[in-house]
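Residue strings, one per chain:
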Amino acid sequence: MASSLTKDSAGTTGKTFFGHPRGLATLFMTEMWERFSWYGMRAILVLYLIAGVLEGPLAGREALAAAIYGVYNAVVYMAAMPGGWVADRLWGARKAVLVGGIVIALGHYTLAIPSDVAFFAGLGLIAVGTGLLKPNISAMVGGLYEGQSSARRDAGFTIFYMSINIGAMFAPLVVGYLGENVDWHLGFAVAGVGMTLAVVQYVLGGRHLGDVGRHPGTPATPEEKRSVLRKVALWTGLAAAALLVDLALGTYDIEHIVNFLAVLGVVVPVLYFASMYRNPELTEQDRPRVKAFVWFFVTAVLFWMIYDQSGSLLTIFANNDTDRMIGGWEFPASWFQSVNPVMIIVLAPAFATLWVWLAKRDSEPSAPMKFALAMLLIGGSFGLMGLAGAAAANSETGRVTVFWLLSVYLLQTLGELCLSPVGLSLSTKLAPKQFVGQIMGLWFLATATGNALNGWATQLNEPMGDAAYYTMWGLVAVAAGFAFMTAGKRIRALMGGVR
């Protein structure tokens, strides 16, 4: 690690982290522990829902549990939009990340309390905190590379992406084992410890970030603040009133909330893109880039809709239909959630090196081509999953070898490396200067919309059966990949020179 103390244009120290700005190490470690807490909790969430621990258990209602899981993921990522606004207009990214981390830690510790009320309150706190932290820590990574080359920025985001997967790799092994084999609430508590370590790391390493994220990009006026507060109060009041009416009529069912949030996950990005495009502060140079971003957004929605079923339907498949015996011991189903991060850790450095190597030779695939490859790979993974479902149905034991799921995760990992770090970097490059945090929020909203659609999509699994269900979505993804490839030239024109 270099020891020079010069400062760059962002005001960060010149010490390096594997040849990158030293501040990347601070954000790397913070993100690693935050993802440990998130993926640890997520690894056991569906299993907890179907275990009958909550009153009114969902045991035997796996499709509904998967839908709830998808919609909750959607809520968490939808929270990135107001989180981006808070950073851009009120606090700056630096403060938003700190407050978000503290709220997330409180949420995990609340989940550790054995109470149904505490369970749902804890989920709510985690959603709010993640909305503040997730888009803004990524925006800060982009700030470290202000004025530097596109290839170097992409490489930096790929290294940052490894932090996510180091945390995600260890989390299911620790939290999953404790949750499934000792006590569910102990697992949630350990996830809270991980988030506490993230906050400590962030505070201690803040001196390496210079001025990145210290101030809001476009501070809101007092009238704008009052306007937003009125709108939040209005919509919150309407939602609460609708819930109370449903309860009073005796017609309440948790599926009502699932369906409402699924609709919300689709409507919000449509309204937000329309609002941003009409904003008078958007320049004529920025407008085509926002249009280009819409293409990437829609493709990412389909990708994450398929990909994030790994934590719901694929976890249930691992629990019910996969032979997990090693000798005389059956390992926890949640451990499969560590497979993808392990593969990312192994393959991400190779991808980062590959992109830089190809860029030097002017042979790097364009962003549209990388997204098209991602869709072909994610489609292939679900085609393979369809074969796994058929094999399990025709097996004498009703179970298949672990190599089916391992192969599925390998294809998904290759697709993820073509899409996710590239999309993160692309978001910071296409974003208008005054909307960086909110464009990052929109990027994470793609995950939210994909998971919101899962609130409906996963419920098709039970009537269709595994083979037909997975094959159908595999074909849809492959078709989308070819469509994106065909439209690549038009998308590059809209990007206006951004690679």
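The structure under discussion appears in the preceding block.
Just so we're clear, the structure is a prediction, and the values are computed from it rather than from any experiment.

Counting its secondary structure elements, the protein chain contains 18 helices and four strands. Whereas a compact globule of 499 residues would reach a radius of gyration of roughly 23 Å, the protein chain reaches 22 Å, a difference of no more than 12%. Along the first, second and third principal axes, the C-alpha set of the protein chain runs to 65 × 55 × 45 Å. For the protein chain, the proportion of its 499 residues judged to be buried stands at 56%.

Turning to its location among the elements, T299 is positioned in helix α10 (residues 286–307). On the accessibility criterion, T299 (8% relative accessible area) is buried. Not counting residues within four places of it along the chain, the set of residues in contact with T299 comprises F371, M375 and F484.

Between side chains of opposite charge, a pair can form when the charged atoms approach closely. Tallied over the entire structure, the rule returns eight salt bridges. Where E31 meets K134, a salt bridge forms, and the shortest distance between an N and an O atom there is 2.2 Å. With a gap of 103 residues between them, E31 in helix α1 (residues 23–49) and K134 in helix α5 (residues 116–144) connect regions that are remote in the sequence. Judged by its relative accessible area of 4%, K134 is buried. Residue E330 pairs with R399 through a salt bridge whose shortest N-O separation is 3.7 Å. With E330 in strand β4 (residues 329–330) and R399 in the loop between α13 (367–394) and α14 (402–430), the pair connects residues that are 69 residues apart, well separated along the chain. Overall, the relative accessible area of 28% leaves R399 in the partly exposed class.

On to a nonpolar patch on the surface. The grouping of V263, V266, V267, V270, L271 and W456 at the surface amounts to a nonpolar patch, some 500 Å² of accessible area in total. In terms of residue count, helix α9 (residues 254–278) provides more of the nonpolar patch than any other element does, five residues in total. By the element assignment, V266 lies in helix α9. Exposure remark for V266: the relative accessible area of 31% places this residue in the partly exposed category.

Attention now goes to the packing of α1 against helix α7 (residues 184–205). For any two helices packed against each other, the geometry comes down to the angle between their axes and how far apart the axes lie. It is at 8 Å that the axes of α1 and α7 come closest, and there the two elements cross at 165°. Regarding the angle of α1 to α7, the classification is roughly antiparallel. For the crossing formed where α1 meets α7, the hand is left-handed. Classifying every residue of the contact of α1 with α7 gives 17 nonpolar, seven polar and one charged.

Quick notes on the rules
Think of each chain on its own: its residues are numbered from 1, step by step along the sequence as written. With the structure being a predicted model, the display of local features is reserved for residues of pLDDT at least 70 and the display and counting of side-chain atom pairs for 80 or more, all residues being used for whole-chain, interface and lining totals. Excluded from the side-chain calculations are hydrogens and water; all other atoms, namely the structure's heavy atoms, are used. Each helix corresponds to a stretch of at least 4 residues labelled H or I by DSSP, and each strand to a stretch of at least 2 residues labelled E; elements are numbered beginning at the N terminus. Just to be clear, the radius of gyration here is over C-alpha atoms, and the globule rule we use is 2.2 Å times residues to the power 0.38. Only protein chains enter the accessibility calculation, which uses a 1.4 Å probe; a residue whose area is less than 20% of its type maximum is buried, one above 50% is exposed, and one in between is partly exposed. Contact definition: two residues touch when any of their heavy atoms are within 4.5 Å. Between Lys or Arg on one side and Asp or Glu on the other, a salt bridge is scored when a side-chain nitrogen of the former is within 4 Å of a carboxyl oxygen of the latter. To count toward a patch, a residue needs a relative accessible area over 30% and no salt bridge; like charges are then connected within 9 Å, while nonpolar side chains (Val, Leu, Ile, Met, Phe, Trp, Tyr) are connected within 5 Å. The protein chains shown are the only cover counted for residues, whose accessible areas, like all others here, come from Shrake-Rupley with a 1.4 Å probe. Helix axes are fitted to C-alpha atoms over the stretch in contact, other axes to C-alpha atoms as well, and angles between N-to-C directions run from 0 to 180 degrees. To sort the angles, those under 35 degrees are grouped as roughly parallel, those over 145 as roughly antiparallel, those from 65 to 115 as roughly perpendicular, and the leftovers as oblique. Note on convention: near helix rotated counterclockwise from far helix by under a right angle means a left-handed crossing. Clockwise means right-handed. Just so you know the grouping, Ala, Val, Leu, Ile, Met, Phe, Trp, Tyr, Cys and Pro go in nonpolar, Asp, Glu, Lys and Arg go in charged, and all remaining residues, Gly too, go in polar.

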